[in-house]
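# Per-entry structural report
Here are the chains, one letter per residue:
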Amino acid sequence: MRTWGVAILALLFTGAVGAQGTKGSGATTPPPAVGNPGRTTPTQPTTPFPNDNNPIERPIYISGSVMLSDGTPLTDRAKIERVCNGVPIVETETDRKGHFSFEVGHSLEMPDASVGSDTMGGRGSPFGNTPNRGGMSGGRFGGTDRRLWGCELRAALAGFRSDVIQLDSIHYMDNPNIGTIVLHRMAKVDGLTISVVSALAPKDARKAYEKGREAEAKNKLDDAQKNFEKAVSVYPQYSLAWFELGRMNEQGNRIDEARKAYQQAIAAEPKFIQPHEQLCWLALRESKWQELVELTDEWLRLDPANSPNAYYLSSIGNLQTQHSSAAEKNAREAVRMDPGKKNMRARYVLGLALAQNHEFAESAQAIQSYLESTPEAKDRAAVEKQLEQIQQEVKGNVQSKAEQPKPE
């Protein structure tokens, strides 16, 4: 019997799925991959735009504020993401009062082809090989700046869903203030999307943590790491600082140290979701499939209502461990929770699970939808070959049924 799941092993690391939470990886980390696999620069369109005759690129400045829908203060600084054709770029973060400003293109975290975030509320996410047409190239056409075509602005803060502001019509001469982005609290779950014990940190620990965040924002990662280390030495229960320390280690490709820091964050606060999520991306990156299944099970126990990435990663782990029914179930849930079709990779995983379960016709449809949505996918040739094999199975089934004797 053909094992369709095995094919995903090579394909996942050719650049489609992004990981959560590390810089340079895909929406935030240098590796989190398939979570953050291949880490390459997003493909820029090569076809020139009409009337684009070496235009002078002028800076675009954007400012605004973020507030919670219930009027209470922000629980932490929110990251400001410019999402262009599904690819999130972290441009800056708010101050403690929710204000922000930045120049387009001078981002805190640069994307690569493996990104995509949902984070949907997280630090980063796996949304496929999408050409970054809203990327860094300059020029204007038709009165708007093409750097902002297909782009929207949103805020990212754990535990909240962001309203978005469309940027397509913004011109470099416009008023830079785009207004207020509103965050809405997500469904209450057993897991904690914000750290409770971190609020109890003593003054010296909080000061070191804030210095670490400021250094991180300035890309002074060594200084950031030292301050996070100081924060946890002063207050060992500082789960947020342990989490940030894990991210710093992950960015430095010190994976064992990153894992230990995330585990310390969980030990300090078992229901704090973000370190659980990051451990899942690490398991994916290292192809530890059974560990991925177990970690995603725990993540989903804490937050089944707001975790499309957990279902997505769980489907990968179950597919790789030959639990195709669970893989199909969780892939379907990942697709259901992605109405905006930002993570088309989930459709591909669903297609493989369906093929493993001999549902070849539906499998072909799911994989075809992935290919149609990602014309520049690096793994396109391999996926097309899989699709061809699955379509042959469909034809074989049709022919077999046609040859069966009809009942008299």
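Described in the following lines is the structure provided in the data block. (Residues numbered from 1 in each chain as written. Predicted model: local features only at pLDDT ≥ 70, side-chain atom pairs only at ≥ 80, totals over all residues. Heavy atoms only, no water.)

## Quick word on the overall build of the protein chain
Just so we agree on the cut-off: Only DSSP runs of H or I reaching four residues or more are called helices, and only runs of E reaching two or more are called strands; each is numbered from the N terminus. The classification of residues rests on relative accessible area computed with a 1.4 Å probe and restricted to protein chains. Under 20% of the type maximum is buried, over 50% is exposed, and intermediate values are partly exposed. Shrake-Rupley sampling with a 1.4 Å probe provides the accessible areas, and residues are treated as covered by the protein chains on show and by no other component.
On a plain count of helices and strands, the protein chain comes out with 12 helices and 10 strands. In the protein chain, which comprises 408 residues, the share counted as buried stands at 56%. Accessible surface, the protein chain as shown: approximately 17,600 Å² in total, 51% of it carbon and sulfur.

## Quick notes on helix H9 (residues 324–336)
Rules: Multiply 1.5 Å by the residue count of a helix minus one, and that product is the helix's expected span.
Its 13 residues place the ends of H9 18 Å apart at the C-alpha level, agreeing with the 18 Å of an ideal helix rising 1.5 Å per residue. Taken residue by residue, H9 has Ser-324, Ala-327, Glu-328, Asn-330, Ala-331, Ala-334 and Val-335 as its buried positions.

## Focus: helix H11 (residues 360–373)
The test is simple: To be clear, the arc concerns the directions from the helix axis to the C-beta atoms.
If you check H11, its first and last C-alpha atoms are 20 Å apart, about what 14 residues at 1.5 Å a residue would give, namely 20 Å. Those residues of H11 that sit buried are Phe-360, Ser-363, Ala-364, Ala-366, Ile-367, Tyr-370 and Leu-371. Down the axis, H11 shows its buried residues gathered within 165 degrees of arc, on one side only. Pointing more than 90 degrees away from the buried face of H11 are the exposed residues Gln-365 and Glu-372.

## So, the pattern of salt bridges
Note the cut-off: Here, a salt bridge means any Lys or Arg side-chain nitrogen found within 4 Å of an Asp or Glu carboxyl oxygen.
According to the stated counting rule, one finds 19 salt bridges in the structure shown. A salt bridge links Glu-91 to Arg-82, with the shortest nitrogen-to-oxygen separation between them at 2.7 Å. The salt bridge involving Glu-152 is made with Lys-342; its shortest N-O contact spans 3.4 Å. Within this pair, whereas Glu-152 is found in strand S7 (residues 151–156), its partner Lys-342 is found in the loop between H9 and helix H10 (345–356), the two being separated by 190 residues in sequence. Three or more residues are tied together by salt bridges with common partners; here these are Asp-256, Arg-259, Glu-286 and Lys-288.

## What to know about the pairing of strand S1 (residues 61–68)
Put simply, side chains in a regular strand alternate between the two faces of the sheet. Test applied: For two strands to be treated as a pair, DSSP must find at least two bridges joining them.
Within S1, 6 of the 8 residues are buried, which leaves the element mostly enclosed by the surrounding structure. Two strands pair when backbone bridges link them, and S1 and strand S4 (residues 99–103) are joined in this way by 5 bridges, in the antiparallel orientation. Looking at S4, one finds that Ser-63 is bridged to Ser-101.

## As for the packing of aromatic side chains
Stated precisely, the cut-off is as follows: Here is the rule: rings of Phe, Tyr and Trp (six-membered ring for Trp) pair when centre to centre is within 6.5 Å. Planes less than 30 degrees apart are stacked, more than 60 are edge-to-face, and the remainder are tilted.
One pass over the structure, following the stated rule, counts 7 aromatic pairs. Each ring, one from Phe-100 and one from Phe-102, has its centre 6.4 Å from the other, and the planes form 20 degrees; the classification is stacked. Residue class for Phe-100 comes out buried when judged on its relative accessible area of 5%. The class of Phe-102 is buried, set by a relative accessible area of 7%. One aromatic cluster in this structure is built from Tyr-209, Phe-228, Tyr-235 and Tyr-238.

## Focus on the pairing of strand S2 (residues 79–84)
When you tally the buried positions in S2, you get 6 out of 6 residues, the bulk of the element. Neither face of S2 is exposed, since Lys-79, Glu-81 and Val-83 on one face and Ile-80, Arg-82 and Cys-84 on the opposite face are all buried.

## Description of the packing of helix H2 (residues 203–217) against helix H4 (residues 239–251)
Applicable threshold: Convention adopted: a line fitted to C-alpha atoms gives each axis, helices being fitted over their contacting stretch, and angles between N-to-C directions are expressed from 0 to 180 degrees. Here the word oblique covers every angle except those under 35 degrees (roughly parallel), over 145 (roughly antiparallel) and from 65 to 115 (roughly perpendicular). Left-handed describes a crossing whose near helix is turned anticlockwise from the far helix by less than a right angle; the clockwise case is right-handed. Pairs of residues are marked as contacts when any of their non-hydrogen atoms sit within 4.5 Å.
At a closest axis distance of 11 Å, the pairing of H2 and H4 adopts a crossing angle of 30 degrees. Taken together, the axes of H2 and H4 are roughly parallel relative to one another. Like other packed secondary-structure pairs, H2 and H4 cross with a definite hand, here left-handed. For the pair H2 and H4, the contacting residues are Tyr-209, Arg-213 and Glu-216 in the first and Leu-240, Ala-241, Glu-244, Arg-247, Met-248 and Gln-251 in the second.

## Notes on the environment of Glu-333
As for its placement among the helices and strands, Glu-333 is situated in helix H9. By relative accessible area, which is 22% here, Glu-333 ends up partly exposed. When the C-alpha positions of Glu-333 and Ser-307 are compared, they lie 9.8 Å apart, and in sequence the two are 26 residues distant.

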